[in-house]
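Coordinate inspection notes
Here's the letter readout for the chains.
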Amino acid sequence: MIVESLLANFVILLGLALILWVVAVQIGDVSFVDAFWGGGMALLALVSWLRLYEPGALATLLMAMAVIWGARLALHLLIRWRREGEDKRYRRMLAKDREQGRFAVAALTKVFLGQSVLLFIVSSPAQYGILEAGSLTPLSGLALVGAALWLVGILFEWVGDWQLARFKADLANAGQVMDRGLWRYTRHPNYFGDACVWWGIWIAAASAGWWVAAATVIGPLFLTFTLTRWSGAPLLEGGMKKSRPGYAAYKARTSAFFPLPPKKSAG
């Protein structure tokens, strides 16, 4: 039953990805796929919850954690895309394919299908946890610990994004490095928040059974790796070094991921 439900979720996700791919080909821009990342996870959690005849407290908690996080992120990134236009990362990624007339194929294989698989894996704690929890009603201490970590992540992500938006809205800050508020203690408060959210969901899902934790730990592990070592911070910071003259000094004094007091300048 659970395996069939997860496979059905994946089919739904692929169907949505194909629809969005058609839109991307029509407008010549795949950048809105970032909104699909959060929105898709929220959708999978909600669909998993709706499959239950009588959802219990744990299943409902897991669904709410994933949906609140995913819906907020999707809306935030969609608004940013509408305001700022095509993301430079995707423009560079698909530049050669666009020149060779292979934009449609590359957009499907490099962006939408790849994102779908990774999205499904990362959100597996919410999906499997909801389906396994079923009508289980009591919330254990472990579930509450997960919810607390999720809340820390939500606050870091929401506040970090809000502070950055205010910073960018002030024309006097053009070309400067954001080093205030949460950004004074970590170069990526939103990425740190993302990791806390999904480790929190994984911990809460683990209260449904150790096998749930074992089967889905790949989700938060891969997300943390992505944010810190692959397509998150490395790509973003590569561009920041070129466009922000003071970024090297900021990087030297500010923690890359975990919030820490800034280092004192030498001398």
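Predicted model, so just to flag it, every value in this text is computed and none were measured. (Residues numbered from 1 in each chain as written. Predicted model: local features only at pLDDT ≥ 70, side-chain atom pairs only at ≥ 80, totals over all residues. Heavy atoms only, no water.)

What to know about the environment of Ala148
Worth spelling out the cut-off: Strands here are runs of E lasting at least two residues and helices are runs of H or I lasting at least four, both read from the DSSP assignment and numbered beginning at the N terminus. Burial classification: accessible surface area is computed with a 1.4 Å probe over protein chains only, and a residue below 20% of its type maximum counts as buried, one above 50% as exposed, and the rest as partly exposed.
Mapping Ala148 onto the fold places it in helix 7 (residues 141-169). Take Ala148: its relative accessible area is 42%, and that puts it in the partly exposed class. Sequence spacing of Ala148 and Gly160 is 12 residues, and the spatial spacing of their C-alpha atoms is 18 Å.

Side note on the environment of Ala59
Keep this limit in mind: When checking whether two residues touch, look at their non-hydrogen atoms; a contact exists if any pair is within 4.5 Å.
Mapped onto the elements of the fold, Ala59 is located in helix 3 (residues 57-84). The exposure class assigned to Ala59 is buried, which follows from its relative accessible area of 0%. A C-alpha to C-alpha distance of 33 Å links Ala59 and Leu108, two positions 49 residues apart in sequence. Residues within four places of Ala59 in sequence aside, it is in contact with Trp49, Leu52, Ile130, Ala133 and Gly134.

Examining the UniProt feature "transmembrane region" (unreviewed entry) in the protein chain
This is how it is decided: UniProt positions are given in the numbering used here, feature names are shortened, and annotations may be inferred rather than shown by experiment.
In the UniProt entry, the feature "transmembrane region" (unreviewed entry) is given for residues 6-25, 56-79, 100-122, 142-159 and 191-211. The straight-line gap between the two end C-alpha atoms of residues 56-79 is 34 Å; of that span, 96% is helix and 0% is strand. Within the segment residues 100-122, helix and strand shares are 87% and 0% respectively, and the terminal C-alpha atoms sit 33 Å apart.

Some words on the packing of helix 2 (residues 33-50) against helix 5 (residues 103-122)
Under the convention used in this document: Comment: axis = line fitted to C-alpha atoms, over the contacting stretch for helices; angle = value between 0 and 180 degrees taken between N-to-C directions. Our angle categories are set so that under 35 degrees counts as roughly parallel, over 145 as roughly antiparallel, 65 to 115 as roughly perpendicular, and the remainder as oblique. Helix crossings are classified by the rotation of the near helix relative to the far one: an anticlockwise turn of less than a right angle makes the crossing left-handed, while a clockwise turn makes it right-handed. Any residue outside Ala, Val, Leu, Ile, Met, Phe, Trp, Tyr, Cys, Pro, Asp, Glu, Lys and Arg is labelled polar, Gly included; the first ten of those are nonpolar and the last four are charged.
Close contact between helix 2 and helix 5 brings their axes to 10 Å; oriented N to C, the two are set at 40°. Taken together, the axis directions place helix 2 and helix 5 in an arrangement best described as oblique. Here helix 2 runs over helix 5; the crossing is right-handed. Listed contacts from helix 5 to Val33, Asp34, Phe36, Trp37, Gly40, Met41 and Leu44 of helix 2 are Val111, Phe112, Gln115, Ser116, Leu118, Leu119, Phe120 and Val122. Here the contact of helix 2 with helix 5 is built from residues that sort into 11 nonpolar, three polar and one charged.

Side note on the packing of helix 1 (residues 2-27) against helix 2
For any two helices packed against each other, the geometry is given by the interaxial angle and the distance between the axes. For the pair helix 1 and helix 2, interaxial distance at closest approach is 10 Å and the crossing angle is 145°. In the packing of helix 1 onto helix 2, the handedness of the crossing is right-handed. Listed contacts from helix 2 to Asn9, Ile12, Leu13, Leu16, Ala17 and Leu20 of helix 1 are Phe36, Gly40, Leu43, Leu44, Val47 and Ser48. Considering only residue class, the contact of helix 1 with helix 2 consists of nine nonpolar, three polar and no charged.

Some remarks on the nonpolar core
For the record, the criterion: Grouping buried Ala, Val, Leu, Ile, Met, Phe, Trp, Tyr and Cys residues that are joined through side-chain atoms within 4.5 Å yields what is termed a nonpolar core.
Counting 60 residues, the largest nonpolar core has Val30, Trp37, Trp69, Phe112, Trp198 and Ile201 as its most contacted members. Per-element tally for this core: the top contributor is helix 3, with 11 residues. Filtering out sequence-adjacent residues up to four positions away, Phe112 remains in contact with Ala17, Leu20, Trp21, Ala24, Val30, Phe32, Val33 and Ala107. If you look at the next biggest cluster of nonpolar residues, it comprises seven residues, including Phe167, Met178, Tyr247 and Tyr250.

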